Amino acid sequence: MGNSSSLMLRDEEIDEISRDTEFNRNQIVRLYSRFLSLDKKGQGYLERDDFLNVPELAVNPLGDRIVDAFFTLAGDNEQKLNFRQFVRILAHFQPINRGKKNVLNGRREKLRFAFQMYDLNKNGYITREEFKVILNSMVGANITAEQLDKIADRTIEEADGDHDGRISFDEFCRAMEKTDIEEKMSIRFLN
Amino acid sequence: MGPFFEHIIFASAFLFPPVALTVLLCLVLATFGKSLGLRKLYVNTLIAIFEWGARQIKTTKKMEKIKRGESSAQLFNLGDCLSSSDDEQPSDDNEVRSDGYESGSGMRRRHGSGTSVCSVSSVCSRTEPALLRKNSIIRRETQIQFDEDEDDGEVLVNSRGWAVMRDSIDFVKAGIESIIEDEVTSRFEAEQLASWNMLTRTSIRFYQFVNWKLTVLYSLGFLLRYCVLLPLRISIFSIGLVFLVVSTAIIGLFPDGALKRRLNFNCMLICYRILSRSVSAVVHFHDEHNRPPGSGIAVANHTSPMDAMILSTDNVYALIGQRHPGILGLVQRALSRASSHIWFERSEAKDRATVAHMLREHVSDVNKLPILIFPEGTCINNTSVMMFKKGSFEVGATIFPIAMKYDSRFGDPFWNSSEQTWAEYLLRMQTSWAIICNVWYLPPMRIHEGEDAIDFANRVKKAIAQKGGLVDLEWDGQLKRSRVPPKLVRKQQEKYCHRFARYTSTSDGLRANAEAEDDGEYITFKSPGVSGYNSLEELPEDVIVSSDEDEGTIPEDAIPTRQRRRHARSDNDVDDVLLSPITSQ
């Protein structure tokens with residue numbers, strides 16, 4: 001009945017993803033149809049451009065960095081993201097559920113995503129320069145270089161427990177302790 | 001071979017009279033603008049069939065579920081944990097879950113017509129945007145537009161330095177939400193339907209095999225559409241087209257004057273009525289006392305190339321648009337023979353001033369027809385209204401807003417020009433069940449004292465969105481083809497900076513500086529004080545009927561920006577431009 005080639009998601013696959021990500025079947029099917037519509041060229045995977053074609057993401061000052069973190073976390077050097085990887089990343093943003101294991105959406109995993117975004121060269125540390133790059137994309141040209149430096153200094157100083165001038169993931173988590181990450185990095189997925 | 005041909009000849013001889021009679025009947029009825037109520041009957045029958053189909057799908061799903069032994073408790077797990085914080089959630093969830101397998105009553109509810117489509121009222125369709133949410137994956141919470149006043153006092157800054165980090169988390173959430181679901185891209189795709197309409201349609205879940213009864217029904221429908229409706233419609237369409245070309249050629253011979261105008265008026269009505277029957281268009285006009293009288297600008301939301309045809313079955317308009325090649329070009333040239341329309345070349349479209357001048361001239365002539373403009377400049381999928389280009393609102397003429405809302409259950413009139421050619425689109429329309437459209441004439445609007453064109457355009461847009469039950473969006477429809485201009489990103493940065501400056505102001509002189517910047521000391525690309533996305537002056541500003549293959553026009557004063565945009569686009573990286581001071585260090 002019609003174009004069945006677009007229905008590449010088999011039942012077993014859905015079950016597997018569901019076990020993997022704690023999304024339910026309905027959510028997976030919906031995310032899949034979103035995946036297909038993002039995949040304008042119909043390649044079966046997403047590229048950076050496919051993400052940045054979403055205007056709301058493109059106007060997001062950190063949009064580019066978010067896409068970057070997406071690809072880094074997926075562990076894909078080829079800059080191609082298949083549906084499995086796509087759902088897996090999104091699973092990080094599920095609300096924390098007390099009754100489940102929260103393999104992907106625990107507090108630390110959520111923070112990992114944010115950390116990846118800052119850690120531009122992926123060496124496990126956020127340096128002052130890296131932070132300045134992010135800060136700059138957030139505020140644009142509305143701040144002077146001195147102010148930028150000042151803010152960067154203060155931010156690094158505040159989280160830098162071992163005073164090595166950079167922030168490790170552990171330091172990052174500690175600095176975020178007061179922040180309600182469960183709320184701030186959870187998206188309300190509908191059933 | 002011989003007997004085979006004989007059969008064909010025999011069959012066609014046998015079939016010719018009924019086909020010819022049907023076509024003739026259609027033509028005669030169209031000529032006088034009368035209806036026998038057959039289309040209404042047809043549409044109501046279709047609704048009954050679709051509802052039966054929806055019930056079939058529902059029961060089949062239920063059977064499957066029982067077979068699989070799936071406990072519904074498992075399905076609700078996530079909903080339970082969510083609902084603790086939101087009372088509304090559970091009911092919404094139920095709807096979402098059952099969506100697609102909805103019963104007949106659900107389908108009625110969604111489309112707001114209890115007994116027949118013909119009774120769809122504006123009140124019912126106004127509730128539709130809320131119901132459209134049913135197809136959502138997530139509940140959007142975060143928007144990156146920081147409203148300057150709202151955030152005041154809300155932000156508790158425990159540690160000043162870390163504030164940036166925490167804010168960046170908000171950006172991340174907003175970004176991820178927009179990846180999962182966004183307001184804009186979905187508007188350029190075919191709208192999702194609540195139940196299968198026996199046409200191959202967008203939603204993947206409808207493609208599954210449900211049961212043999214539905215398959216048979218689908219096949220019968222397919223045969224009807226392709227073997228009976230399509231040939232009939234093609235003949236009607238061709239006749240309509242020939243009539244249009246011939247009649248306009250004859251009218252063109254008459255000297256200008258009242259007689260010519262009257263002839264043109266009547267002929268065009270007949271033409272468009274014939275053409276509209278080639279897609280079984282059922283159009284309901286509301287508030288006809290507001291119909292644009294003599295000259296003026298009629299402004300409507302844009303879904304398909306048929307919009308102009310649909311509107312023209314009730315009133316004759318002058319059209320404005322770029323010249324098209326092929327069959328559209330033929331129609332355009334024919335139309336111009338009988339009355340004045342504004343067609344411009346693609347290159348000329350770049351020169352906005354020329355078009356604006358032609359428009360102004362046209363409007364000031366009382367003998368000319370009201371001009372029909374689709375200020376969105378591109379086709380939107382009929383769930384929303386996007387930014388209106390200000391061009392047509394600058395002229396200063398009275399604006400007659402028209403809201404159009406199609407009932408996409410019987411065939412989706414939205415033309416996705418990036419996926420379909422015009423011919424494919426036409427074929428799809430002629431093999432659909434029917435095109436049903438509600439048209440509301442709104443009271444005429446004039447620009448207020450001290451109101452600029454952009455605000456006026458937004459006011460008109462809002463009125464249209466409300467009347468048609470559409471979502472009022474501020475995004476530019478040109479985003480369908482082009483990337484977000486860096487200027488919008490800058491706008492966000494600026495907004496964020498304002499917010500940021502507010503709660504760091506106590507510690508250092510940032511605020512003072514930020515305010516100094518407001519006076520233009522540092523910022524080189526400061527936009528004029530326009531709010532939100534209306535400040536897209538650099539974006540194409542065309543006032544085009546179907547600009548759908550148009551690259552867009554850009555006013556001369558924005559050339560530097562345009563180059564910058566090109567640069568940014570080619571690098572796929574907006575930040576490139578902005579980050580250069582740092583990365584070069």
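Quick caveat, the model's predicted, so the values are computed rather than measured.

With that out of the way, let us pick up the overall build of chain A. For chain A, the helix and strand inventory stands at eleven helices and three strands. Carbon and sulfur atoms make up 45% of the accessible area of chain A, which totals about 7,700 Å².

Further remarks concern the pattern of salt bridges. Pairing between side chains becomes possible if they bear opposite charge and their charged atoms approach one another. Evaluated as defined, the whole model comprises 26 salt bridges over all chains. The closest approach of N and O atoms between Lys260 of chain B and Asp256 of chain B, which form a salt bridge, is 3.0 Å. Judged by its relative accessible area of 69%, Asp256 of chain B falls in the exposed class. Arg291 of chain B is the salt-bridge partner of Asp314 of chain B, the closest N and O atoms lying 2.9 Å from each other. In this pair, Asp314 of chain B sits in the loop between helix H11 (307-312) and strand E4 (318-322) while Arg291 of chain B sits in the loop between strand E2 (281-286) and strand E3 (297-300), placing the two residues 23 residues apart along the sequence. Given a relative accessible area of 14%, Asp314 of chain B falls into the buried group. By sharing partners, the salt bridges in this structure join Arg48, Asp64, Arg65, Asp68 and Lys122 of chain A into a single network.

What follows deals with the pairing of E4 of chain B. Residue and element names in this part refer to chain B. With five of five residues buried, E4 lies mostly within the body of the structure. Burial of the side chains of E4 extends over both faces: Ala318, Ile320 and Gln322 are buried on one face and Leu319 and Gly321 on the other. Note that E4 and strand E6 (residues 371-373) share two bridges and pair parallel. Looking at E6, one finds that Ala318 is bridged to Ile371.

All names here are of chain B. Counting across every chain of the model gives ten cavities of 30 Å³ or more. Secondary-structure elements contributing two or more residues to the lining of the largest cavity are helix H9 (212-253), helix H10 (258-277), H11, E4, helix H12 (326-338) and helix H15 (422-430). For the lining of the largest cavity, the residue count by class is 21 nonpolar, seven polar and no charged.

Quick look at the side chain of Thr248 of chain B now. All names here are of chain B. Relative to the elements of secondary structure, Thr248 occurs in helix H9. Since its relative accessible area comes to 0%, Thr248 is described here as buried. Ignoring sequence-local partners within four residues, the contact set of Thr248 consists of Phe243, Met268, Ala334, Leu335, Arg337 and Ala338.

This next bit is on the pairing of E3 of chain B. Regular strands place side chains that alternate from one sheet face to the opposite one. Residues and elements named next belong to chain B. Of the two faces of E3, both are covered, the one formed by Ile297 and Val299 as well as the one formed by Ala298 and Ala300. In the sheet, E3 pairs with E6 via three bridges, with the strands oriented parallel. Following the sheet pairing, Ile297 is matched in E6 by Ile371. Of the strand pairs in this sheet, E3 and strand E8 (residues 399-407) are connected by four bridges, and their pairing is parallel.

A contiguous nonpolar surface patch, about 610 Å² in accessible area, is contributed by Trp212, Val216, Leu220, Phe222, Leu223 and Tyr226 of chain B. Residue position: Leu220 of chain B is located in helix H9.

Residues and elements named next belong to chain B. As annotated by UniProt and renumbered to match this structure, "transmembrane region" (unreviewed entry) occupies residues 12-32 and 232-254. When the span residues 12-32 is considered, its composition is 95% helix and 0% strand, and the gap between its end C-alpha atoms is 30 Å. End C-alpha atoms of residues 232-254 are separated by 33 Å, and the span's content is 96% helix alongside 0% strand.

We now examine the packing of H9 of chain B against H15 of chain B. Residue and element names in this part refer to chain B. Look at H9 against H15: their axes get within 9 Å of each other, and the N-to-C directions meet at 120°. Here H9 lies oblique to H15, going by the angle between them. Across from Leu230, Arg233, Ile234 and Phe237 in H9, the residues of H15 making contact are Leu426, Leu427, Met429 and Gln430. Considered class by class, the residues forming the contact of H9 with H15 number six nonpolar, one polar and one charged.

Let us look at the packing of aromatic side chains. Residues and elements named next belong to chain A. Taken as a whole, this structure holds 23 aromatic pairs over all chains when the rule is applied. Consider the rings of Phe51 and Phe70, whose centres lie 5.0 Å apart with planes at 50°: the pair is tilted. With Phe51 in helix H3 (residues 48-52) and Phe70 in helix H5 (residues 63-74), this pair connects stretches of sequence that are 19 residues apart. Across the pair, Phe70 and Phe51 agree in class, each one buried. Ring plane angle 35° and centroid distance 6.4 Å describe the contact between Phe51 and Phe86, whose orientation is recorded as tilted. Remark: Phe86 occurs in helix H6 (residues 83-91) and Phe51 occurs in helix H3; sequence separation between them is 35 residues. Look at Phe86 and you get buried, because its relative accessible area is 0%. One aromatic cluster in this structure is built from Tyr32, Phe35, Phe51, Phe70, Phe71, Phe83, Phe86, Phe93 and Phe113. Above the plane of the ring of Tyr125 lies Arg166, whose end atom (NZ or CZ) is 3.6 Å from the centre.

Another point: the sheet that holds E4 of chain B. Residue and element names in this part refer to chain B. Spatial ordering of the open sheet is given by E2-E9-E8-E3-E6-E4-E5, a layout of seven strands whose pairing is mixed. A strand with exactly one partner marks an edge of an open sheet, and here the two such strands are E2 and strand E5 (342-344). Taking the axes of each pair of neighbouring strands and ignoring which way they run, one obtains an average angle of 25° across the sheet.

The next thing to look at is the side chain of Thr185 of chain B. Along the polypeptide, Thr185 of chain B turns up in the loop between helix H8 (163-180) and H9. Only 2.4 Å separates the side chain of Thr185 of chain B from the side chain of Asp182 of chain B, close enough to count as a polar contact.

Now for the UniProt feature "domain: EF-hand" (unreviewed entry) in chain A. Residues and elements named next belong to chain A. UniProt's feature table lists "domain: EF-hand" (unreviewed entry) at residues 106-141 and 147-182, given in the numbering used throughout. Secondary structure within residues 106-141 divides into 67% helix and 8% strand; the distance between the first and last C-alpha atoms comes to 36 Å. For the annotated span residues 147-182, helix accounts for 61% and strand for 8% of the residues, and the straight-line distance between the end C-alpha atoms is 31 Å.

A few words now on helix H8 (residues 128-139) of chain A. Residues and elements named next belong to chain A. For H8, which comprises twelve residues, the first-to-last C-alpha distance of 16 Å matches the rise-based estimate of 16 Å (1.5 Å per residue) to within 8%. Across the twelve residues of H8, ten count as buried, placing the element largely inside the fold. Turning to H8, its buried residues are Glu130, Phe131, Lys132, Val133, Ile134, Leu135, Asn136, Ser137, Met138 and Val139. Remark: Gly140 follows H8 within two positions and exhibits a positive phi of approximately 65°.

Conventions used here
Residues numbered from 1 in each chain as written. Chains lettered and ligands numbered in written order. Predicted model: local features only at pLDDT ≥ 70, side-chain atom pairs only at ≥ 80, totals over all residues. Heavy atoms only, no water. Helix = DSSP H or I, 4+ residues; strand = E, 2+ residues; numbered from the N terminus. Areas by Shrake-Rupley, 256 points an atom, 1.4 Å probe, with all protein chains shown as cover. Salt bridge = Lys/Arg side-chain N within 4 Å of Asp/Glu carboxyl O. Buried < 20%, exposed > 50% of the residue type's maximum accessible area, 1.4 Å probe, protein only. Pairing = 2+ DSSP bridges. 1 Å grid on protein atoms, 1.4 Å probe; cavity = no way out; pocket = protein on both sides within 12 Å on 5 of 7 lines; lining within 4 Å. Points joined across faces, edges and corners; volume = space filled by probe spheres on them. Nonpolar A, V, L, I, M, F, W, Y, C, P; charged D, E, K, R; others polar. Contact = heavy atoms within 4.5 Å. Patch = residues over 30% accessible without salt bridge, like charges linked within 9 Å, V, L, I, M, F, W, Y side chains within 5 Å. UniProt positions renumbered as here; feature names shortened; annotations may be inferred. Axes fitted to C-alpha atoms, helices over the stretch in contact; angles between N-to-C directions. Parallel < 35°, antiparallel > 145°, perpendicular 65-115°, else oblique. Phe/Tyr/Trp six-rings, centres within 6.5 Å; stacked < 30°, edge-to-face > 60°. Lys NZ or Arg CZ within 6 Å of the ring centre and 35° of its normal. Polar contact = N/O pair within 3.5 Å; in protein donor to acceptor, adjacent residues only side chain to side chain. Expected span 1.5 Å × (residues − 1).

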